[in-house]
Amino acid sequence: MKKPMINVQSFHDGREGKMNSRRKFLKIGGLAVVGSSLFLYSCEEDGITDEEINALDAKGVDNKRVFNLGKGDLGILNYAYVLEQLEAAFYTAVVNGSYYNSLPDSDRGEKQILRDIWYHEVIHRDFLKTALSSIAPPGKVAPELDFNFSGVDFSSRANVLTVSQILEDTGVSAYNGAGKLLESTDYLLLAGKIVSVEARHASAIRDLINPGSTDFAGDDVLVDLGGSGVAYDKAVAPRDVLAAVAATGFLETKIIANNLPTA
Amino acid sequence: MNIIKFLDDLSDQQLFETKGSRRDSFNQIKNVGKNFALASIPFALAATSKKTAAATMSMSSAMFQASPIDVLNFALTLEYLERDFYQMGMDTTGLIPESDRAVFGQILKHEVSHVNFLATALGDQAIAKPTFDFSGGPAGLTLNTFGDYPTFLALSQGFEDTGVRAYKGQAGALIDSDALLEYALQIHSVEARHASQVRRMRGEKGWINANNNTLPIAFSGIYAGEQNTVQGGVNLSGMFNNYGGDAAITEAFDEPLTMAEVNAIASVFIVS
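Just so it is clear, the model here is predicted, and its values are computed rather than measured.

Turning next to the overall build of chain A. Counting its secondary structure elements, chain A contains nine helices and six strands. Residues classed as buried in chain A amount to 55% of the 263 residues present. Pairs at least 24 apart in sequence give 78% of the contacts found in chain A among residues at least 6 apart.

Structure, rendered in structure tokens:
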């Protein structure tokens, strides 16, 4: 039987130029969430066998080709860890890039905002790794993933801030969608402690892009609930978030989300 | 998900009985032994299922666990407070500079929606709108809230940061009500977007640094506990010295407030 999986691979295949890859990402990222079906592949098509997938239930570390998030709360925490790894890796690249380093040092300025966000995402990442490592054997904890940001121009303010905005907005919608999938009130509280900080980031980045506008909590990213108005962040299911992440081409490891809770 | 579905959920008695019923509490207590065994695991949260978590709660703080209706009315109180505050601010000629009206117009729009959503969802179980005094009269204050823009900004920040902490503090009370929990989270992060924006307009960072309070002293409770560096039973203090240190740790995690703590903050402005 074919097992659907989230296919995570780069669009950047050598024939595509940087711009093309980036444009593709932004186009897809701009949708924030795309139907996951486009990115579901059978393992046969990817040359990964059912046996290999099943074996991953007990093995994950040092296997950067494909990782099964697992089930239950552990699976959701692994999912959060993957997203935080992505964010931390992105901002690490940002602070090593020429755009960031050309910014003037100023209190509360753009450079400090990006540096703070970098700190926060590294802290989230390492915290989740510590937490996961204390409740699950190594094989059940997501490995340190490899990322490919060749589609991002780290010398470009517009490019860096646009990607940042997409990652932060996606993070907010991802935690919002994962909350109801958690069984433990303690994990739920932790997710709550992190998601509002991601929302603070999203707000600040959006305001850097369009200062003084309504974009910090813009109608472009919020949704309506029950006809009461556009005033709510999205809550997006893990499979849809992972599909959108896959579409960026940033993540070089295939992530299997088959065993995550869906309700 | 729409209001109709939401109301369906609300009318589902099962929803409201999952946490509160006596029978459930007894059943949950049976799991306590299992829960104690888990306490030896370093990351103290290990594998707490809804049931074991509820058992813990039934042992330690069942009396503080609000029903979903209580939670929604608590949220509605805060949303009424915010809505009236921004409505009065926007209606006061000369208070909000032209350059800032887009921001506060957007925030007001959201608070109006949140009030309508919660009031509709609660139906005849919704509380009546309280009477507010934004000068802080009920606490003996005489704030010139609508005559002095910096004061208006300060209260705005205080309300938004309090809102974030308030919703966060009630998430656990909704864990068995998936739809309600998700709606609450969808509001929670919008409050955080507001908070970040207003903080930055006041020259603050968008994120809360330790328990630093730049609001009038009467509001220090809004930031109480934000200096926490222990997350999930792990003390992160000293672990991120190359990444902003303990200050960054406190910024990276927003902390909850209990319903009582939030009510104490809100009571400064509630006449009745």
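Read on for the rest.
Helices and strands together make up the secondary structure of chain B, namely eleven helices and two strands. Element order for chain B, N to C, with α for helix and β for strand: α-α-α-α-α-α-α-α-α-β-β-α-α. Long-range pairs, those at least 24 residues apart, make up 68% of the contacts in chain B with a sequence separation of at least 6.

A positive phi angle is found at Arg108 of chain A, which is not glycine, with a value near 70 degrees. Following the sequence through the fold, Arg108 of chain A ends up in the loop between α5 (98-102) and α6 (110-135). A positive phi is found at Ala210 of chain B, a non-glycine position, where the angle reads about 45 degrees. Note that Ala210 of chain B resides in the loop between α9 (178-201) and β1 (230-231).

Contacts between the two partners involve 67 residues from chain B, matched on the other side by 52 residues from chain A. Listing elements by their share of the side of chain B that touches chain A, those giving two or more residues are α1 (3-11), α5 (50-60), α7 (101-122), α8 (149-170), α9 and α10 (245-252) of chain B. Taken together, the residues of the side of chain B that touches chain A sort by class into 34 nonpolar, 22 polar and eleven charged.

Right, let's get into the nonpolar core. Ala80, Leu86, Ala178 and Ala191 of chain A together with Ala184 of chain B are the most contacted members of the largest nonpolar core, which has 137 residues in total. Here this core takes 13 residues from helix α4 (residues 72-95) of chain A, the largest share from any one element.

So, on to the packing of α6 of chain A against helix α8 (residues 185-209) of chain A. Residue and element names in this part refer to chain A. Contact geometry for α6 and α8: axes closest at 11 Å, N-to-C directions at 155 degrees. As the angle between them shows, α6 and α8 are arranged roughly antiparallel. Relative to α8, the crossing made by α6 is left-handed. For the pair formed by α6 and α8, the contact residues are Glu110, Ile113, Ile117, His120 and His124 on the first element and Ile194, Val197, His201, Ala204 and Leu208 on the second.

Residues and elements named next belong to chain A. In this structure, Pro143 sits in the loop between α6 and α7 (157-178). Residue classification places Pro143 among the partly exposed residues on the basis of 18 C-beta atoms within 10 Å. Sequence-wise, Pro143 and Tyr81 are 62 residues apart; in three dimensions their C-alpha atoms are separated by 9.5 Å.

With that settled, the discussion passes to the confidence of the model for chain A. Residues and elements named next belong to chain A. Looking at chain A as a whole, its pLDDT mean stands at 82, while 76% of the residues score no less than 70. Note that residues 1-46 has pLDDT below 50 and, in this model, 88 contacts with residues that lie over four places away or in other chains. Long-range and interchain partners of residues 57-62, a stretch whose pLDDT sits below 50, account for 15 contacts in this model, where long-range means more than four residues apart.

Moving on, we come to the confidence of the model for chain B. Any region with low pLDDT has predicted coordinates that should not be read closely. Residue and element names in this part refer to chain B. Per-chain confidence: chain B averages 83 in pLDDT, with 76% of residues scoring 70 or above. pLDDT under 50 marks residues 10-63. Its contacts with residues more than four places away, or in other chains, come to 65 contacts. Reported confidences for the modelled complex are a pTM of 0.83 and an ipTM of 0.83.

For the rest of this paragraph, the subject is the environment of Val115 of chain B. All names here are of chain B. Assignment of secondary structure puts Val115 in helix α7. Residue class for Val115 comes out buried when judged on the 23 C-beta atoms lying within 10 Å of it. Sequence-wise, Val115 and Gly147 are 32 residues apart; in three dimensions their C-alpha atoms are separated by 26 Å. Each residue touching Val115, except ones within four places of it in the same chain, is listed here: Leu76, Glu79, Tyr80 and Arg83.

On to α8 of chain B, then. Compared with the 32 Å implied by 1.5 Å per residue over 22 residues, the 32 Å span of α8 of chain B between its first and last C-alpha is a close match. Buried residues dominate α8 of chain B, accounting for 18 of its 22 residues.

This paragraph deals with the environment of Tyr232 of chain A. Tracing the backbone through its elements, the reader meets Tyr232 of chain A in strand β5 (residues 230-232). Between the C-alpha atoms of Tyr232 of chain A and Ser98 of chain A, which are 134 residues apart in sequence, the distance is 35 Å. If we skip the residues at most four places from it in the chain, Tyr232 of chain A touches Leu222, Val223 and Leu225 of chain A together with Gln186, Ile187 and Val190 of chain B.

Another point: α9 of chain B. The terminal C-alpha atoms of α9 of chain B lie 35 Å apart, and with 24 residues this matches the ideal 34 Å at 1.5 Å per residue to within 8%. Looking one or two places after α9 of chain B, you find Gly203 of chain B, whose phi comes out positive at around 80 degrees.

What counts, and where the lines are drawn
- Residues numbered from 1 in each chain as written.
- Chains lettered and ligands numbered in written order.
- Predicted model: local features only at pLDDT ≥ 70, side-chain atom pairs only at ≥ 80, totals over all residues.
- Helix = DSSP H or I, 4+ residues; strand = E, 2+ residues; numbered from the N terminus.
- Buried ≥ 20, exposed ≤ 12 C-beta atoms within 10 Å, placed from the backbone.
- Contact = placed C-beta atoms within 7 Å.
- Nonpolar A, V, L, I, M, F, W, Y, C, P; charged D, E, K, R; others polar.
- Core = buried A, V, L, I, M, F, W, Y, C linked by C-beta atoms within 7 Å.
- Axes fitted to C-alpha atoms, helices over the stretch in contact; angles between N-to-C directions.
- Parallel < 35°, antiparallel > 145°, perpendicular 65-115°, else oblique.
- Left-handed = near helix turned anticlockwise from the far one by under 90°.
- pLDDT = per-residue confidence, 0-100.
- Expected span 1.5 Å × (residues − 1).

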